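Understanding the architecture of this molecule
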Amino acid sequence: MGRTDIPTELCGESRVTAIYERKLQALGVKVQRSSAAPGRDNLYAFFTSTTPNAPTILLEAHLDTVPVDGMTIEPFCGTIKDGKLYGRGSCDVKAGGVAMFGAFHKLVQQQPANAPNVILAYTVDEEHTFLGAQQLVKDIRADFAIVAEPTNLQIVRSHKGVARWLIETTGIACHSSTPSKGVSAIYAMAQLLNFIKRYAVELEQRTPHPQLGPATISIGTINGGVSPNTVPDSCRVSVDRRLLPAEKSQEVMDDLASELRKHSDVPFNFLPTLACPALCATGGEEFVKQLADVIGDGTLLAVPFGTDASTLQEAGIPAVVFGPGQIVQAHTKDEFVELVQVHRAADILFNFLCSVHQRKVPKHAESAARL
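In this text, all values refer to a predicted model and were calculated from it rather than measured experimentally.

A few points about the overall build of the chain
- Regarding its fold elements, the chain presents 8 helices and 17 strands.
- By its C-alpha atoms, the chain is 80 × 45 × 40 Å across when sized along the principal axes.
- Within the chain, the proportion of its 371 residues that are buried is 51%.
- Look at the contacts in the chain between residues 6 or more apart in sequence, and 80% of them connect residues 24 or more apart.
- Carbon and sulfur atoms make up 53% of the accessible area of the chain, which totals about 17,100 Å².
- The positive charge centre, built from 34 side chains, and the negative charge centre, built from 39, are 1 Å apart in the chain.

Have a look at this one:
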């Protein structure tokens, strides 16, 4: 996630990618890597239908996790107790990735009649800058996608997007014994932060989305200065802006910048770091209905957090989010997942793949040829 204080042996997805690669190659299916960043490869496996013009279904799970700071359990223990698997990533989203592997494995073994083409994709960098999903949509085309995240075995049809950027102020450094000879970048940033706090309240009072609620903005980190006895000549804060379906990252940055300039004469710079659109509940309705029928619950959820699904949908692949586990357990100090949900998710995904019939002319049956 951009940090430099984590031991290198704990960074990157390469070892997890290698495990899945060996297991998928053992199934005898086509398996390919695609580089999203140096040392960080997406992994794709392909099941080819025996039915002409079958639709293509994409199953996607990310391999990365958030850091382990503050955890009260051993992060990588994999302890199973009372039907729960504990450890960092157990819920978000190793459980969903394993459930997809289980469904794919069973599909390859049983070769059910009229099964669709299936692409199983394990991607990198979902938790930070979505590089894996951005590479995926360059490589793959499909008629419908299911993205693994902890949804308590329910279907998420829409969610907020996110735009992140840094705000930077500059000053003039000098010795702190004579601060009047310098200009404090931290004091300058403080003026901006006071306004952003008011702006955040105003933003949440704007017309909300009927399912997702209001747009929000938050300051996550602040960094500035080099020592207590030096007037700081630079300061940066990180901004997290959650997007509604109609909003674009550049537009919301421009809106905040315009408001800041109206209310302050402090010079500043915006440095964009991330943009991920909102997920809109459109497209793939026949597949959504089939998945809901298999689950036995037609409830379609809208959630505030973001996923790879919106990047897929923006690229023309209708997508939903589905998986075992509950989002309240993701990123927590004692992260866990109930194993009964993992098994249930694998069964749901397999039964869905077996139930996908040719209710429309598929557009992307030959998507594997792109690689």
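What follows picks up the thread again.
Description of the confidence of the model for the chain
- Per-chain confidence: the chain averages 93 in pLDDT, with 96% of residues scoring 70 or above.
- Counted against residues more than four places away or in other chains, residues 358-362, with its pLDDT under 50, gives 13 contacts.
- With pLDDT under 50 throughout, residues 365-370 is counted as low confidence; its partners more than four residues away or in other chains account for 13 contacts.

Regarding the packing of helix α6 (residues 285-295) against helix α8 (residues 339-355)
- Viewed as axis vectors pointing N to C, α6 and α8 meet at an angle of 130°, and their least axial separation amounts to 9 Å. As judged from the angle between their axes, α6 and α8 are oblique. The two elements α6 and α8 meet at a crossing, and its hand is right-handed. Residue-level inspection shows Phe287, Gln290, Leu291, Val294 and Ile295 of α6 in contact with α8, the latter providing Arg344, Ile348, Asn351, Phe352 and Ser355.
- Residue classes in the contact of α6 with α8 are distributed as 6 nonpolar, 3 polar and 1 charged.

Considerations on the environment of Gly83
- With respect to the helices, strands and loops of the structure, Gly83 is situated in the loop between β4 (80-81) and β5 (84-86).
- A residue is classified by how much of its surface remains accessible, and Gly83, at 40% relative accessible area, is partly exposed.
- Taking C-alpha positions, Gly83 is 8.6 Å from Val337, a pair spaced 254 residues apart along the chain.
- Leaving out residues up to four positions away in the same chain, Gly83 has contacts with Val337, Glu338 and Leu339.

Overview of the sheet that holds strand β14 (residues 269-276)
- If you trace the 4 strands from one edge of the open sheet to the other, you get β11-β13-β9-β14, paired in antiparallel fashion. Whereas interior strands pair on both sides, the edge strands pair on one side only; in this sheet they are β11 (216-224) and β14. Geometrically, the sheet is characterised by an average inter-axis angle of 20° between neighbouring strands, direction not taken into account.
- Sheet strands touched by helix α4 (residues 185-204): β9 (161-170), β11 and β13 (234-243). Its angle to β11, the strand with the most contacts, is close to 165°.

The rules behind these values
- Residues numbered from 1 in each chain as written.
- Predicted model: local features only at pLDDT ≥ 70, side-chain atom pairs only at ≥ 80, totals over all residues.
- Heavy atoms only, no water.
- Helix = DSSP H or I, 4+ residues; strand = E, 2+ residues; numbered from the N terminus.
- Buried < 20%, exposed > 50% of the residue type's maximum accessible area, 1.4 Å probe, protein only.
- Contact = heavy atoms within 4.5 Å.
- Areas by Shrake-Rupley, 256 points an atom, 1.4 Å probe, with all protein chains shown as cover.
- Lys, Arg positive; Asp, Glu negative; His and termini not counted.
- Charge placed at Lys NZ, Arg CZ, Asp CG, Glu CD.
- pLDDT = per-residue confidence, 0-100.
- Axes fitted to C-alpha atoms, helices over the stretch in contact; angles between N-to-C directions.
- Parallel < 35°, antiparallel > 145°, perpendicular 65-115°, else oblique.
- Left-handed = near helix turned anticlockwise from the far one by under 90°.
- Nonpolar A, V, L, I, M, F, W, Y, C, P; charged D, E, K, R; others polar.
- Pairing = 2+ DSSP bridges.

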